[in-house]
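# Coordinate analysis (summary)
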Amino acid sequence: QVQLVESGGGLAQAGGSLRLSCAASGRTFSSYAMGWFRQAPGKEREFVAAISASGGTTYYANSVRGRFTMSRDNVKNTVYLQMNSLKPEDTAVYHCAAVRRLRGSSLYTDYDYWGQGTQVTVSS
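Residues numbered from 1 in each chain as written. Predicted model: local features only at pLDDT ≥ 70, side-chain atom pairs only at ≥ 80, totals over all residues. Heavy atoms only, no water.

## Looking at the overall build of the protein
Counting its regular elements, the protein contains zero helices and eleven strands. Its helices and strands taken in sequence order, the protein reads β-β-β-β-β-β-β-β-β-β-β from the N to the C terminus. In terms of overall dimensions, the protein is globule-like: its C-alpha atoms have a radius of gyration of 13 Å, near the 14 Å expected for 124 residues. Each of the 124 residues in the protein was classed as buried or not, and the buried ones make up 44%. (Helix = DSSP H or I, 4+ residues; strand = E, 2+ residues; numbered from the N terminus. Rg over C-alpha atoms; globule rule 2.2 N^0.38 Å. Buried < 20%, exposed > 50% of the residue type's maximum accessible area, 1.4 Å probe, protein only.)

Right, here's the structure in full:
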């Protein structure tokens, strides 16, 4: 069982930055690939980024590539999402997710564990 807790959301202006964190419980964190997804009101859940269990490979949605960076610290059991050049369309609740496998995935159905989410609001 893995428990995930996100933090770091808030209000930012367009062009600004935020860093999200997701702290995981458990002693086998390095066995889990991790992902970030977001959901805006009235919209489908959307893939944002994923990272392999080792941290060696990252994957990004086209809408955030070049602006967002996902990383992980397997000693601190934490993944991060550095979000730069924020746009109003980035406004959503951001969730982290975990799956016990080596490779990350852009499919939310591949993930077994989810955090409660953290709100990100970007004003124009």
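## Considering the environment of Val79
The topology assignment puts Val79 in strand 8 (residues 78-83). Along the sequence, Val79 and Val64 sit 15 residues apart, while their C-alpha atoms lie 17 Å from each other. In this view, Val79 contacts Leu20, Ser21, Cys22, Phe29, Met34, Trp36, Met70, Ser71 and Arg72; residues no more than four positions away in its chain are not counted. (Contact = heavy atoms within 4.5 Å.)

## Observations concerning unusual backbone geometry
Although it is not a glycine, Asn77 sits at a positive phi angle of roughly 55 degrees. By the element assignment, Asn77 lies in the loop between strand 7 (68-73) and strand 8. Using a relative accessible area of 16% as the deciding quantity, one classes Asn77 as buried. Phi is positive for Ser85, which is not a glycine, with a value near 50 degrees. Tracing the chain through its elements places Ser85 in the loop between strand 8 and strand 9 (92-99).

## Quick word on the nonpolar core
With 37 residues, the main nonpolar core has Met34, Trp36, Met70, Leu81, Met83 and Tyr94 as its most contacted residues. At the level of secondary structure, the elements contributing two or more residues to this core comprise strand 3 (18-24), strand 4 (33-39), strand 5 (46-51), strand 7, strand 8, strand 9 and strand 11 (118-123). Ranked by residue count, the leading element in this core is strand 9, at six residues. What Met83 contacts, discounting residues up to four positions off in sequence, is Gly16, Ser17, Leu18, Leu20, Arg67, Phe68, Tyr94 and Val120. (Core = buried A, V, L, I, M, F, W, Y, C linked by side-chain atoms within 4.5 Å.)

## Topic: the sheet that holds strand 7
A sheet is described by the order of its strands in space; here four strands give the open sequence 1-3-8-7, paired in antiparallel fashion. Among the strands making up the open sheet, the edge pair consists of strand 1 (4-7) and strand 7. Each strand of the sheet is rotated relative to its neighbour by a mean of 15 degrees, with strand direction disregarded. Here four bridges tie strand 1 to strand 3, and the two strands are oriented antiparallel to one another. Looking at the pairing, Ser7 lines up with Ser21 of strand 3. (Pairing = 2+ DSSP bridges. Axes fitted to C-alpha atoms, helices over the stretch in contact; angles between N-to-C directions.)

## Re the state of the cysteines
Considering all chains together, one arrives at one disulfide under this definition. The disulfide partner of Cys22 is Cys96, and the S-S distance across this bridge is 1.9 Å. Its torsion about the S-S bond being 50 degrees, the disulfide of Cys22 and Cys96 is classed as right-handed. Separated by 74 residues along the polypeptide, Cys22 in strand 3 and Cys96 in strand 9 bring together distant segments of the chain. Residue class for Cys22 comes out buried when judged on its relative accessible area of 0%. (Disulfide = S-S within 2.5 Å.)

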